[in-house]
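Analysis of the macromolecular model
Here's the letter readout for the chains.
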Number of protein chains: 2
Amino acid sequence: MTTADPESSDNLHAVFALPPGRALDICLNIQTALLEHKLAPGVKLSEDEVGEIYGVSRTVVRAALQALAHSNLVTIRKNRGAFVAEPSIREAHEVFQARALIEPAVARMAAQAMTDEQLAGLKAHLEAEHVALHKEDMGRALFHSGGFHTAIAEIADHRVFTSMVRSLISRSSLIIALYWKRSDTACESHSHHALMRAFELRDAAMAESIQKSHIIDLHSGLDLREKPRGDSSLSAALGRTG
Amino acid sequence: MTTADPESSDNLHAVFALPPGRALDICLNIQTALLEHKLAPGVKLSEDEVGEIYGVSRTVVRAALQALAHSNLVTIRKNRGAFVAEPSIREAHEVFQARALIEPAVARMAAQAMTDEQLAGLKAHLEAEHVALHKEDMGRALFHSGGFHTAIAEIADHRVFTSMVRSLISRSSLIIALYWKRSDTACESHSHHALMRAFELRDAAMAESIQKSHIIDLHSGLDLREKPRGDSSLSAALGRTG
DNA sequence: TGCCCAAAGATTGTATACGATCGTGAATTG
DNA sequence: CAATTCACGATCGTATACAATCTTTGGGCA
């Protein structure tokens, strides 16, 4: 179980570049909530409110929110406050383009470095995802799916890439919350298991190729057409009241 | 001149995810100082001291330092304070590996999108670098060299990659300050001008290829052998006094 | 003489207070 | 009745004060 625990914040703090402390805890808590889709894009994160929840002053909360803002998970608007980020369609494309470049290269490195223990750890991620899926806990399933991708980067043992991947995956979670269109989530399982086979074989080229296809497939699972979102269309959509 | 002004902080703030304000100004100021090698790795950035320089309270300084820490330009040690980061040898390798993956792809995109105006802008960067080199102002030359790489990412018009490239280049500046071994800096000019030719021809494949070679060349210009650095060697180096 | 420990100084971590800015709603006017 | 303006409330931006922690330095002891 220990090897499979995705919540272990051993060196997770590296992403936020904060010294261990309460601010980091808040960051990690909010990040997890985002990854599990417990916090929707656009939700306001009032400093007072967050501070009261965690029992700290606004000073600490501000540090946490700024760190999250730097990871593009939160948007800070001057004199307005912090909100869960709402990635634009353009940003969604860019994030998945970046993933399509970086993650295959990372998968290749991971395949070469993979130990049996790490292989088992990856499998545990997939099982956790499967269990969550079976319970129809989509949020948790997505969380473990992201954990799988992150774990691969960690196995590649490349901190710069790991940091990038972690950041991109967090942003992907928000993007999926906004733009996911595919109803069948089984797509995950197939690609991930195919990737596992490549890792078992230590076939770097195969891992790279599968991961690239997988990311492109995820990208295509988004509905990124321009829509008349927001309140501008609201009046038109409703017509006259009554 | 306007198109060539590399200091323009138009959307430079996107890297730090801070609302416009004094904290951002401090970030940008310190970042520029780092890029110009006016601030050496390891230098302590006392909150009081920085605050007095810019005429703000520690609150603002802390926000700036945390933003810089998130960009890996500054290291914050609990109860110790903030220091200009000292990238390890491993980190140096990783940063240039990341650049070798990302920047060629970005160069390809830029070559396809390049307008004549943007081409002129890039040329201006090279000229500025040349002028600084002629004045033997190495710091400023390096600054413009980095600006050239950043400008390419901006032309590619991909914010996610641009942000990554900017971050990697900033870190590269620290790495070069610590590990640069090559005395001839003319290598820059050659690769950069070759890249310009590819851009003029709108040859995406050529631009990608040249950029990849260029990054690998830069990487090889570093002396990344393990050395007995630091004070541990100091006593040995000095022997007994007198 | 060298090492260990303790107290003072300096610096950061956190909380709180006050001023500035923005959003909202009611009142007023065309 | 609709549009505009103004004042109020809420929230953030910043400064300052106090508490916690680390570093340093001086003295004591083996």
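This text gives an overview of the structure that appears in the document. Source: prediction; values computed, not measured.

1. As for the protein's contact with DNA strand D
Around DNA strand D sit 16 residues, and of these Arg58 and Arg62 of chain A together with Arg22, Ser57 and Thr59 of chain B come closest. Here the atoms of DNA strand D within 4 Å of the protein split so that 70% fall in sugar or phosphate, with bases taking the remainder. Taking Arg62 of chain A, its side chain carries an N or O atom lying 2.4 Å from a phosphate oxygen of DNA strand D. In the environment of DNA strand D, a phosphate oxygen lies 3.4 Å from a nitrogen or oxygen atom belonging to the side chain of Arg22 of chain B. For the surface near DNA strand D, the elements supplying multiple residues, two or more each, are α3 (58-70) of chain A together with α3 (58-70) of chain B. The leading source of residues in the surface near DNA strand D is α3 of chain B, at three residues. When the residues that make up the surface near DNA strand D are grouped by side-chain class, the tally is two nonpolar, six polar and eight charged.

2. A closer look at the protein's contact with DNA strand C
The full set close to DNA strand C counts 16 residues, and Arg22, Ser57 and Thr59 of chain A together with Arg58 and Arg62 of chain B are the nearest of them. In DNA strand C, atoms within 4 Å of the protein come 69% from sugar and phosphate. In the environment of DNA strand C, a phosphate oxygen lies 2.7 Å from a nitrogen or oxygen atom belonging to the side chain of Ser57 of chain A. Between DNA strand C and Arg58 of chain B, the relevant distance is 3.0 Å, taken from a base nitrogen to a side-chain nitrogen or oxygen of the residue. Going through the elements one at a time, α3 of chain A together with α3 of chain B are the ones with two or more residues in the surface near DNA strand C. Ranked by the residues each element gives to the surface near DNA strand C, the list is headed by α3 of chain A, at three residues. Considered class by class, the residues forming the surface near DNA strand C number two nonpolar, six polar and eight charged.

3. A closer look at the interface of chain B and chain A
Often, the extent of an interface is quoted as the loss of accessible area upon association of its parts. Opposite the 30 residues of chain B that make contact, chain A presents 30 residues. Carbon and sulfur atoms make up 62% of the area that chain B and chain A hide from each other, which totals about 2,600 Å². Its largest share of buried area at the contact with chain A, chain B owes to His70, Arg90 and Leu101 of chain B, together 23% of the area lost on that side. Our enumeration of links across chain B and chain A arrives at two salt bridges. Close ionic contact of Arg90 of chain A with Asp157 of chain B constitutes a salt bridge, the shortest N to O distance being 3.2 Å. Between the two partners, chain B and chain A, sit nine residue pairs in polar contact (both at pLDDT 80 or more).

What counts and what doesn't
- Residues numbered from 1 in each chain as written.
- Chains lettered and ligands numbered in written order.
- Predicted model: local features only at pLDDT ≥ 70, side-chain atom pairs only at ≥ 80, totals over all residues.
- Heavy atoms only, no water.
- Near = heavy atom within 4 Å.
- Polar contact = N/O pair within 3.5 Å; in protein donor to acceptor, adjacent residues only side chain to side chain.
- Helix = DSSP H or I, 4+ residues; strand = E, 2+ residues; numbered from the N terminus.
- Nonpolar A, V, L, I, M, F, W, Y, C, P; charged D, E, K, R; others polar.
- Contact = heavy atoms within 4.5 Å.
- Buried area = accessible area lost by both parts, 1.4 Å probe.
- Salt bridge = Lys/Arg side-chain N within 4 Å of Asp/Glu carboxyl O.

What is shown is where atoms sit, not what they do.
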